[in-house]
Amino acid sequence: GISMSVKHIKDIYSYSVKIFLDQQVIYFSNRIDEGLIGYLLDSASLGFYSIGKKLVMILFIAGTL
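What you see is a predicted model; the values in this text were computed from it and never measured.

Colleague: Where do I start with the overall build of the protein chain in this structure?
Modeller: Across its full length, the protein chain holds two helices and zero strands. Taking 2.2 N^0.38 as the reference for a compact globule, 65 residues should give roughly 11 Å; the C-alpha atoms of the protein chain span a radius of gyration of 20 Å, well beyond that estimate. Overall size of the protein chain, expressed as C-alpha extent along the three principal axes, is 55 × 30 × 20 Å. The buried share among the 65 residues of the protein chain stands at 5%. Within the structure as shown, the protein chain displays about 5900 Å² of accessible surface, and the carbon and sulfur contribution to it stands at 72%. Each charge sign in the protein chain was given a centre, from 6 positive and 5 negative side chains, and these centres are 10 Å apart.

Colleague: How do you make sense of helix α1 (residues 6–40) when you look at a structure like this?
Modeller: Structurally, the α-helix is built with 3.6 residues per turn, so residues lying three or four positions apart point the same way. Taking 1.5 Å per residue as the helical rise, α1 with its 35 residues ought to reach 51 Å, and the 49 Å between its terminal C-alpha atoms agrees with that figure. Along α1, the sharpest kink reaches roughly 45°, centred on Arg31.

Colleague: Help me out: how do you make sense of the packing of α1 against helix α2 (residues 43–62) in this one?
Modeller: Packed helices, taken two at a time, are described by their axes: the angle between them and the distance between them. At a minimum axis separation of 9 Å, α1 and α2 run at an interaxial angle of 155°. The angle between α1 and α2 places the two elements in the roughly antiparallel class. In this structure, α1 meets α2 at a crossing whose hand is right-handed. In this structure, α1 uses Asn30, Asp33, Glu34, Ile37 and Gly38 to contact α2, whose residues at the interface are Ser45, Leu46, Tyr49, Ser50 and Lys53.

Colleague: It is not clear to me how a nonpolar patch on the surface should be interpreted in this structure. Could you clarify?
Modeller: Residues Ile32, Leu36, Tyr39, Leu40 and Leu41 make up a contiguous nonpolar surface patch of roughly 610 Å² in combined accessible area. Secondary-structure assignment places Leu36 in helix α1. You can call Leu36 partly exposed: its relative accessible area is 48%.

Colleague: Is there a simple way to think about the pattern of salt bridges in this case?
Modeller: Side-chain pairs of opposite charge can arise where the charged atoms are in close proximity. Throughout the structure, instances matching the rule amount to four salt bridges. Where Arg31 meets Glu34, a salt bridge forms, and the shortest distance between an N and an O atom there is 3.0 Å. Here Arg31 and its partner Glu34 are both found in helix α1, three residues apart, which amounts to about one turn of the helix. For Glu34, the salt bridge goes to Lys53, with nearest N and O atoms at 3.6 Å. Taken together, the residues Glu34 in helix α1 and Lys53 in helix α2 connect sequence positions 19 residues apart.

Definitions and cut-offs
Residues numbered from 1 in each chain as written. Predicted model: local features only at pLDDT ≥ 70, side-chain atom pairs only at ≥ 80, totals over all residues. Heavy atoms only, no water. Helix = DSSP H or I, 4+ residues; strand = E, 2+ residues; numbered from the N terminus. Rg over C-alpha atoms; globule rule 2.2 N^0.38 Å. Buried < 20%, exposed > 50% of the residue type's maximum accessible area, 1.4 Å probe, protein only. Areas by Shrake-Rupley, 256 points an atom, 1.4 Å probe, with all protein chains shown as cover. Lys, Arg positive; Asp, Glu negative; His and termini not counted. Charge placed at Lys NZ, Arg CZ, Asp CG, Glu CD. Expected span 1.5 Å × (residues − 1). Bend = angle between axes of the 7 residues up to and from the residue. Axes fitted to C-alpha atoms, helices over the stretch in contact; angles between N-to-C directions. Parallel < 35°, antiparallel > 145°, perpendicular 65-115°, else oblique. Left-handed = near helix turned anticlockwise from the far one by under 90°. Contact = heavy atoms within 4.5 Å. Patch = residues over 30% accessible without salt bridge, like charges linked within 9 Å, V, L, I, M, F, W, Y side chains within 5 Å. Salt bridge = Lys/Arg side-chain N within 4 Å of Asp/Glu carboxyl O.

This is the structure we're talking about:
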């Protein structure tokens, strides 16, 4: 059968929690601008902003910026 020590499980859990929290911080830091625009302005403004942000990212990934 499969056997794991408690020490190894704690090590894996500790690492997993750090990765999870890191990804959550990255997600929210990348989306905070859209949250603020959605809160402060109307949905049409948020739509235009989101489309513009995606276009810039596409150009950046394509290497033209």
